[in-house]
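What follows is the residue order along each chain.
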Amino acid sequence: MLIGKIIGKVVCTAKEPKLEGTKLLIVQPLDLKYKPIGNPIVCLDSVQAGYKEIVLIVQGSSARLVTYQGNNPVDAAIIGIIDSINLDKEV
Amino acid sequence: MLIGKIIGKVVCTAKEPKLEGTKLLIVQPLDLKYKPIGNPIVCLDSVQAGYKEIVLIVQGSSARLVTYQGNNPVDAAIIGIIDSINLDKEV
Amino acid sequence: MLIGKIIGKVVCTAKEPKLEGTKLLIVQPLDLKYKPIGNPIVCLDSVQAGYKEIVLIVQGSSARLVTYQGNNPVDAAIIGIIDSINLDKEV
Amino acid sequence: MLIGKIIGKVVCTAKEPKLEGTKLLIVQPLDLKYKPIGNPIVCLDSVQAGYKEIVLIVQGSSARLVTYQGNNPVDAAIIGIIDSINLDKEV
Amino acid sequence: MLIGKIIGKVVCTAKEPKLEGTKLLIVQPLDLKYKPIGNPIVCLDSVQAGYKEIVLIVQGSSARLVTYQGNNPVDAAIIGIIDSINLDKEV
C-alpha cells in the first residue's frame, strides 16, 4: 500500500453506472517525509476521508474488496486514515 | 484511476472474438494541469466518450467489470467523463 | 492495452505443461509514431499474428481470458492485429 | 517477489473494517547488496516479522492469499523472513 | 512475460506455510542481448531451472496458476527454460 494526501476530487456526470454515489478523491502519493512522489491517483473513498488528510491507499484488484463501496470497477481505494508513521524499533 | 484525454482510436480487423463490436480508444494520461504524463494507453470505451474529452480510466482486472462491454480481455477501460477536477477543500 | 510490433519468438523445450502448443512471441511496445518504448515483452499469440505486424497487447490477468489459448499462466497476450491508428476527431 | 527491510509501521484508527487487528509495516525494497531501491511500501505482516529484519514481500492479488491475515483488501504482504541470499551456483 | 537469468536463491526459515517445500530463485531480467534490465525478482520455480539458466518468468496472478507448485501466494514464477530467442522472420 502507499501513503498519500487527499488533494481534491473528480466530478463525473456521465460514468459507469456502478460508480453512482461513490466519492472519487485525488490522492498525491508521499514518501515517509511527506514529500510528493509520482503522479496523483484517483481513488475510491471507503473510509470517509477529508481534504488534506494523510491516508493509506490500496491499488489493483484489492480496491474492489473494501467493505463500504466494494465491488466497483476501480483500481485504487482509500482504506485508512493515517494517524502516525513510526520509524523506530517499536513495530 | 488515472485522468486522460481521448486522442484517437485503434482499428483492428483480425482480433480476439470477444472484442467484436467494442470501441478501442487511445487515451493520453494527464496530470492535474492537463499536461501529458507517460505514454498513451488503448482503452475499452464503456461510457460513449468522444474525441478530446477528459475521461477517467481504470486499469487491470477491474477493466473487465464495467457494466457495458464487460467481461472482455482488456486491461484498461474508460469509466467516466470528467466534468471537473476540484483541488480545493470541498472534497 | 499497448501497441507493439512483433520482432521475434522465444523457444522453450522445458516449460510449464499448460504452455505446450502455444506460440510465445516477442513484442516491442511502440508509441503512436511507431518508435520503441521500454523493453520487449514476451506475449502469448491468440490471433495468429506474423513477423513485424503491429499488434495490440493486453497485460495482467486478462491475458488468460483470450478465446484461443486461454487459461494459460501468462501475463501478456496479443489480442488484435492493428490495421490503423486514427488520431483525428472521428473516434 | 521483492527483498526488503522493515523500517517502521503505520498506525490508522479510522480504517477499512477488515483491517482491524492487522499489522501494517513499512518495508524498504532492497537490491542484492541491501541498498534501497525505490520507495517504501506498506505491507501486511503475515509472519510476525520484526524491526530491521530482511523480508520477502509479495505484491498484487497474491497478498490476499496468505495463511494468516488473508482475505484482506491489501496489495502487499510480508511472506517470509530471509535468512540468507545465495548468489553462487548452489541453487 | 520477461526473459531473465537465474543468479541465486533466497532462503527463508520463517515463512508463509504455503511456501514450505518451494524453491525461491533470484532472477535478473535481461534484454534481448542478455544485458540486465531493472532489479532482480524473486520467483517461484515451477520447471526445475538451474543456476545461470535463461528462463521465462510470469508476473502477477498468473504466477499462481502454474501446474507444479501452483496456488501459492507468489507474484512471480519461472515457467520455462529458454533454448533460443529468434529475431528473424520465422515466427
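All figures in this text were calculated on a predicted structure; none of them were measured in a lab.

### So, the overall build of chain A
In terms of helices and strands, chain A carries 0 helices and 5 strands. Ordering the α and β elements of chain A from the N terminus gives β-β-β-β-β. Computed over C-alpha atoms, the radius of gyration of chain A comes to 13 Å, within 12% of the 12 Å expected from 2.2 N^0.38 for 91 residues, which places it in the range of a compact globule. Counting only C-alpha atoms, chain A reaches 45 × 25 × 20 Å along its principal axes. When contacts within chain A are restricted to residue pairs at least 6 apart in sequence, long-range pairs at least 24 apart make up 52% of them. With an accessible surface of roughly 3,700 Å², chain A has 48% of that area assigned to carbon and sulfur atoms. Averaging the coordinates of the 10 positive side-chain charges in chain A and doing the same for the 9 negative ones gives two points 5 Å apart.

### Overview of the interface of chain A and chain D
Counting residues at the interface gives 31 residues for chain A and 34 residues for chain D. A buried area of about 2,400 Å², summed over both sides, lies between chain A and chain D, and 58% of it is on carbon and sulfur atoms. For the pair chain A and chain D, the number of links is 0 salt bridges. The interface formed by chain A and chain D holds 15 residue pairs in polar contact (both at pLDDT 80 or more) in total. Sorting the residues of the side of chain A that touches chain D by element identifies β1 (2-15), β4 (54-59) and β5 (76-86) of chain A as the ones contributing at least two each. Class assignment for the residues of the side of chain A that touches chain D results in 18 nonpolar, 8 polar and 5 charged. Bridge count for β5(A) against strand β1 (residues 2-15) of chain D is 5 bridges, and the pairing is antiparallel. Within β1(D), the residue paired with A:Asn86 across the bridge is D:Lys9.

### A word on the interface of chain E and chain D
Interfaces are often described in size by the accessible area the parts lose on coming together. On the chain D side, the residues contacting the 33 residues of chain E number 31 residues. Approximately 2,400 Å² of surface area, both sides summed, lies buried where chain E meets chain D, with 58% of it carried by carbon and sulfur atoms. Counting every contact that joins chain E to chain D gives 0 salt bridges. One can count 15 residue pairs in polar contact (both at pLDDT 80 or more) joining chain E with chain D. Elements with a minimum of two residues in the side of chain E that touches chain D: β1 (2-15), β2 (24-30) and β3 (41-45) of chain E. The element that contributes the greatest number of residues to the side of chain E that touches chain D is β1(E), accounting for 10 residues. Partitioned by chemical class, the residues of the side of chain E that touches chain D number 20 nonpolar, 6 polar and 7 charged.

### A few points about the relation of the copies chain A and chain D
In the superposition of chain A on chain D (RMSD 0.0 Å, axial shift 0.0 Å), the rotation amounts to 72°. Both copies of the chain, as the preceding transformation shows, are related through a five-fold rotation axis. Mapped onto chain D, only 3% of the interface residues of chain A again fall at the interface, so the copies present different surfaces.

### As for the relation of the copies chain E and chain D
Mapping chain E onto chain D is achieved by rotating through 72° and translating by 0.0 Å along the same axis, at an RMSD of 0.0 Å. The residues that chain E uses at the interface reappear at the interface of chain D in only 3% of cases, marking distinct surfaces.

### Digging into the state of the cysteines
Residues and elements named next belong to chain E. Going through the model one piece at a time under the given rule, you end up with 0 disulfides over all chains. You can see Cys-12 has no disulfide; the closest cysteine sulfur is in Cys-43, sitting 14 Å from it. Accessibility expressed as a relative area gives 7% for Cys-12, which makes it buried. Residue classification places Cys-43 among the buried residues on the basis of a relative accessible area of 0%.

Parameters and conventions
Residues numbered from 1 in each chain as written. Chains lettered and ligands numbered in written order. Predicted model: local features only at pLDDT ≥ 70, side-chain atom pairs only at ≥ 80, totals over all residues. Heavy atoms only, no water. Helix = DSSP H or I, 4+ residues; strand = E, 2+ residues; numbered from the N terminus. Rg over C-alpha atoms; globule rule 2.2 N^0.38 Å. Contact = heavy atoms within 4.5 Å. Areas by Shrake-Rupley, 256 points an atom, 1.4 Å probe, with all protein chains shown as cover. Lys, Arg positive; Asp, Glu negative; His and termini not counted. Charge placed at Lys NZ, Arg CZ, Asp CG, Glu CD. Buried area = accessible area lost by both parts, 1.4 Å probe. Salt bridge = Lys/Arg side-chain N within 4 Å of Asp/Glu carboxyl O. Polar contact = N/O pair within 3.5 Å; in protein donor to acceptor, adjacent residues only side chain to side chain. Nonpolar A, V, L, I, M, F, W, Y, C, P; charged D, E, K, R; others polar. Pairing = 2+ DSSP bridges. Least-squares fit on C-alpha atoms with pLDDT ≥ 70 in both. Disulfide = S-S within 2.5 Å. Buried < 20%, exposed > 50% of the residue type's maximum accessible area, 1.4 Å probe, protein only.

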